[in-house]
Amino acid sequence: MKRRDVLKAMAACSLPATLATAGDQPRQPLGLVIHSYAVRAARPLPPEFPPINDPLALVEQAATLGAAGVQTRIAVAGAAALDRLREAVAKRGMYLEGIVALPKDKADAPRFEAEVRAAKTVGAAVVRTVCLSGRRYEHFDSRDAFDEFVERSWQSLAVAEPLAARHHMRLAVENHKDWRIDEMLGWLKRLDSPWVGVCLDTGNSIALLEEPHAVVEAYAPWTMTTHLKDMGAAEYADGFLLAEVPLGEGFLDLPKIVATLRKHRPEVRLNLEMITRDPLRVPCLTDKYWATMGDVRAAELAEALRRVRAHAFEGELPVVSTLPHPRQLQREAGNIDRCLAYARKHLA
């Protein structure tokens with residue numbers, strides 16, 4: 001099938017997340033990404049915060065909040081465990097999206113295919129992945145090192161694409177502070193597959209000096225799933241700080257972002273990724289940052305810094321590492337609640 005034909009078929013058979021219901025209650029327009037529970041996933045928990053690392057536990061937690069679905073890693077498990085997960089999702093009228101790691105090479109293909117097959121078994125139609133788990137400006141010390149990453153990524157995608165196609169699984173690659181727009185669209189067009197697209201993160205590319213709404217416009221036609229977030233920013237000596245903040249409290253125009261996505265891909269799910277953590281440092285005024293960014297024009301740096309100044313976060317950006325662990329858990333739960341309340345009011 002040609003790419004455009006597959007995309008039309010996907011749009012025709014998919015139900016927007018905003019229309020899903022559970023029982024007699026209107027369903028929240030957002031799903032939840034497991035990374036929204038980074039604090040809860042990291043350390044031993046008090047009884048009032050049950051674990052959510054198991055997909056079934058995450059589904060139960062998301063259901064109590066009225067979330068439309070979840071995006072999480074799905075273990076390669078026995079048939080009975082996968083059946084229980086699929087039934088739990090269906091019972092609650094939710095959706096499930098997977099998270100997988102790209103195959104490192106052909107020898108790693110069986111592992112990747114097993115994860116895709118498990119996701120398919122539990123009813124997922126899309127799995128999210130990344131090419132780089134870290135941040136480009138922290139991970140690489142030279143352009144040559146980045147070019148090696150580009151080639152490794154291409155080899156991984158070339159192995160993954162036919163396996164995703166074999167199982168009719170959409171593989172959504174996140175813009176994970178690794179690719180700038182022209183680079184990511186370059187390999188997407190080169191691959192030219194209806195089964196490989198974008199997991200659009202609405203905040204990540206700001207760290208690569210790209211204007212957030214231009215990022216959405218560029219990736220929307222390729223988007224297969226999302227990490228929806230709002231961002232706060234502030235200057236510091238070596239560049240700027242960037243932090244996830246509850247929806248509506250940052251500088252992103254979220255209704256505009258959602259409208260752009262719905263225009264191009266009305267079937268795409270909106271998944272909340274509200275990571276409760278300290279602000280990230282984007283050291284765009286240091287030599288290390290520019291080791292892989294030599295093609296970026298000075299005007300883009302100037303515009304990025306102007307954008308930070310124009311939308312500087314009021315007060316201090318939230319810091320959580322200094323809080324006791326119970327307070328961090330409370331902050332995380334409260335942030336998610338505030339995001340879901342905003343979505344019900346402004347995005348439904």
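Before going into details, it helps to say that this report is about the structure given with it. Since we're looking at a predicted model, the values are computed, not measured.

What counts, and where the lines are drawn
Residues numbered from 1 in each chain as written. Predicted model: local features only at pLDDT ≥ 70, side-chain atom pairs only at ≥ 80, totals over all residues. Heavy atoms only, no water. Pairing = 2+ DSSP bridges. Helix = DSSP H or I, 4+ residues; strand = E, 2+ residues; numbered from the N terminus. Axes fitted to C-alpha atoms, helices over the stretch in contact; angles between N-to-C directions. Contact = heavy atoms within 4.5 Å. Buried < 20%, exposed > 50% of the residue type's maximum accessible area, 1.4 Å probe, protein only. Right-handed = clockwise from strand over helix to strand, strands pointing away. Parallel < 35°, antiparallel > 145°, perpendicular 65-115°, else oblique.

## A few points about the sheet that holds strand 11 (residues 239-245)
Here comes step 1: Spatially, three strands are ordered 10-11-13 in an open sheet, and the strand pairing comes out antiparallel. Every other strand in the sheet has two partners, leaving strand 10 (230-236) and strand 13 (280-282) as the edge strands with one partner each. Between one strand axis and the next, the sheet turns through 30 degrees on average, direction left out of account.
Here comes step 2: Of the strands in this sheet, strand 10 and strand 11 touch helix 11 (residues 298-310), which is tilted by about 105 degrees from strand 10.

## Some remarks on the pairing of strand 5 (residues 95-99)
Here comes step 1: Of all five residues that make up strand 5, five are buried, and the element is covered over most of its length.
Here comes step 2: Here five bridges tie strand 4 (residues 69-73) to strand 5, and the two strands are oriented parallel to one another. Residue R73 lies in a different strand from strand 5, and its bridge partner there is I99.
Here comes step 3: Considered for its hand, the β-α-β crossover made up of strand 4, helix 4 (residues 79-91) and strand 5 is right-handed.
Here comes step 4: Pairing between strand 5 and strand 6 (residues 126-129): two bridges, direction parallel. Bridge pairing links I99 to R128 in strand 6.

## Comments concerning the packing of helix 8 (residues 181-191) against helix 9 (residues 212-219)
Here comes step 1: Following both chains from N to C, one finds helix 8 and helix 9 inclined at 10 degrees, their axes separated by 11 Å at the closest point. In this view, helix 8 runs roughly parallel relative to helix 9, as classed from their interaxial angle. Judged by residue contacts, I181, M184 and L185 of helix 8 engage A214, V215, A218 and Y219 from helix 9.

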